[in-house]
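# Survey of secondary and tertiary structure
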Amino acid sequence: MAEPEFVEPVDAVEGGWVTVSSGAVANLTTLLRWGAWLLLIVGPLLGILAFMRPTTAATTAPPAPKTTAPATAADTAGPAGFAQLYVAAYVEAGKGTEASLAPYYPQMRNISLEATPRIQQADRLAAVRVTKVSSGYWSVTVAARITSQAKASKKTTTADTETASGEVLRYFQVPVKAGSGGGYIAAALPAEVAAPSAGDGLELDYGSPVPADTHDAATAAVGEFLAAYLTGSGELDRYLSPGTDLAAVSPAPYERIEVSQLAEQGAGFPMDAPATEGAKRQLLVDIWATGSDGQVRPLTYAIALKARDGRWEIAALDAAPGLSTTSKEK
């Protein structure tokens, strides 16, 4: 029997080395060449994409710190008005009228009053302090003139009787919570408290006042303007600086005004100061105003002047006098 013929494969192992055919080598060379070109093309693109892609740390902004916004007039108007109504109802309430307080203080349904209803009445109520305790929760201090019709006891002196039957200013502190439906509720009954402290005094940013002299041009301008403004005598526009828009008080509350003294911001009031074109002055003006009933009232105005064409004109009627920067804060 003849032995089978051994056919040597294309790739054989000789001396521990693998021999590869020339066709395979050509194919491998082509593959490597295309791979190199691919890396040359794709490599820069991948680098650009990696540079342009924002990282998570960069795109995630740090959380903003939580701050509590100061209460504004719009924030406190509702709680203040509610507290005033509540105090008015509370002062007049008494035995048998507890239900009148339930719309303000729901727990009132479980409380019985002993006072006689409507013996006391609250008049001229005003919220004099509103303190924000927390979000949607305020403490409101209400001032009220209380009039009592109760008879004085036998032990009451004459002076006490006059006080008891007269009008007394009292203060009530009310805790007010914002309700879920947009309204307000009281968290407790009112607490009667002492009058709020007025705090430290303040200083205005004006020099020493000097008596008015109608021969001074600035004094005359201010006096004529206030006369037109408060008594309706004269045309108001003739005293105003261009661009200043003011309307006279109507109906005119006074028949006559008299400037009593003036002070200038930052210095004493200089008499006969020249009206140099464009010059400005800030004045504090005290006047006496006489009404049609003959009653005389003192009034104070903060007025800004501006010089034009050699005369002083009214540039503004300021909302409030300027305060000294050295005044103590309340």
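Residues numbered from 1 in each chain as written. Predicted model: local features only at pLDDT ≥ 70, side-chain atom pairs only at ≥ 80, totals over all residues. Heavy atoms only, no water.

Right, let's get into the side chain of S139. Assignment of secondary structure puts S139 in strand β4 (residues 137-148). Assessed through its relative accessible area of 17%, S139 is described here as buried. Look past the residues within four positions of S139 in its chain and what remains in contact with it is R129, V130, T131, V133, Q173 and V174. (Helix = DSSP H or I, 4+ residues; strand = E, 2+ residues; numbered from the N terminus. Buried < 20%, exposed > 50% of the residue type's maximum accessible area, 1.4 Å probe, protein only. Contact = heavy atoms within 4.5 Å.)

Here we take up the nonpolar core. Core analysis: the largest hydrophobic core is formed by 28 residues, its most contacted members being F225, L226, I257, V285, I287, I303 and L305. The set of elements that each furnish at least two residues to this core consists of α5 (217-231), β9 (256-264), β10 (280-290), β11 (296-308) and β12 (311-317). The element that contributes the greatest number of residues to this core is α5, accounting for nine residues. The residues contacting L305, other than those within four sequence positions of it, are A218, V222, A279, K280, R281, L283, W312, E313, I314 and A315. (Core = buried A, V, L, I, M, F, W, Y, C linked by side-chain atoms within 4.5 Å.)

As a further point, take the pattern of salt bridges. If you walk through the whole model with that rule in mind, you get six salt bridges. The salt bridge involving D309 is made with R308; its shortest N-O contact spans 3.4 Å. With its nearest N and O atoms 2.7 Å apart, the salt bridge here joins R311 to E313. Using a relative accessible area of 38% as the deciding quantity, one classes R311 as partly exposed. Taking relative accessible area as the criterion, E313 reaches 0% and is therefore assigned buried. Taken together, the salt bridges that share partners define one network made up of R308, D309, R311 and E313. (Salt bridge = Lys/Arg side-chain N within 4 Å of Asp/Glu carboxyl O.)

Turning next to unusual backbone geometry. A cis amide bond links S250 to the next residue, P251, at an omega of -5°. Considering the arrangement of structural elements, one finds P251 in the loop between α5 and β9. Look at R118: it is not a glycine, yet its phi comes out positive at around 60°. Relative to the helices and strands, R118 resides in the loop between α3 (73-92) and β3 (120-134). One non-glycine residue with positive phi stands out, namely D272, at about 55°. Counting through the fold element by element, D272 comes out in the loop between β9 and β10. Classification of D272 by relative accessible area gives exposed; the value is 58%.

Moving on to the layout of surface pockets. When its volume is computed, the largest pocket comes out at roughly 230 Å³. Together, 14 residues line the largest pocket, and Y90, V91, A93, A115 and Q120 are the ones closest to its centre. Looking at the lining of the largest pocket, the elements with two or more residues in it are α3 and β5 (167-178). When residues of the lining of the largest pocket are assigned to their parent elements, the largest contribution, three residues, is made by α3. Partitioned by chemical class, the residues of the lining of the largest pocket number eight nonpolar, two polar and four charged. (1 Å grid on protein atoms, 1.4 Å probe; cavity = no way out; pocket = protein on both sides within 12 Å on 5 of 7 lines; lining within 4 Å. Points joined across faces, edges and corners; volume = space filled by probe spheres on them. Nonpolar A, V, L, I, M, F, W, Y, C, P; charged D, E, K, R; others polar.)

Moving on: the pairing of β12. Across a regular strand the side chains alternate sides, sitting on one face of the sheet and then on the other. Inspection of the sheet shows β11 paired to β12 by six bridges, in the antiparallel sense. Paired with I303 across the bridge in β12 is L317. Adjacent in sequence and paired antiparallel, β11 and β12 are bridged by two residues, among which D309 carries a positive phi angle near 55°. (Pairing = 2+ DSSP bridges.)

Taking 1.5 Å per residue, 15 residues should reach 21 Å; α5 reaches 21 Å between its end C-alpha atoms and fits that length. Of all 15 residues in α5, 12 are buried; the element is thus mostly enclosed. Looking at α5, one finds that the buried residues are A218, T219, A221, V222, G223, F225, L226, A227, A228, Y229, L230 and T231. On the buried face of α5, the contacting elements are β9, β10, β11 and β12. Looking at where α5 begins, the residue whose side-chain oxygen comes 3.3 Å from the main-chain nitrogen of A218 is D216. Phi for G232, located one or two positions after α5, is positive at around 80°. (Expected span 1.5 Å × (residues − 1). Polar contact = N/O pair within 3.5 Å; in protein donor to acceptor, adjacent residues only side chain to side chain.)

By themselves these figures say nothing about function.
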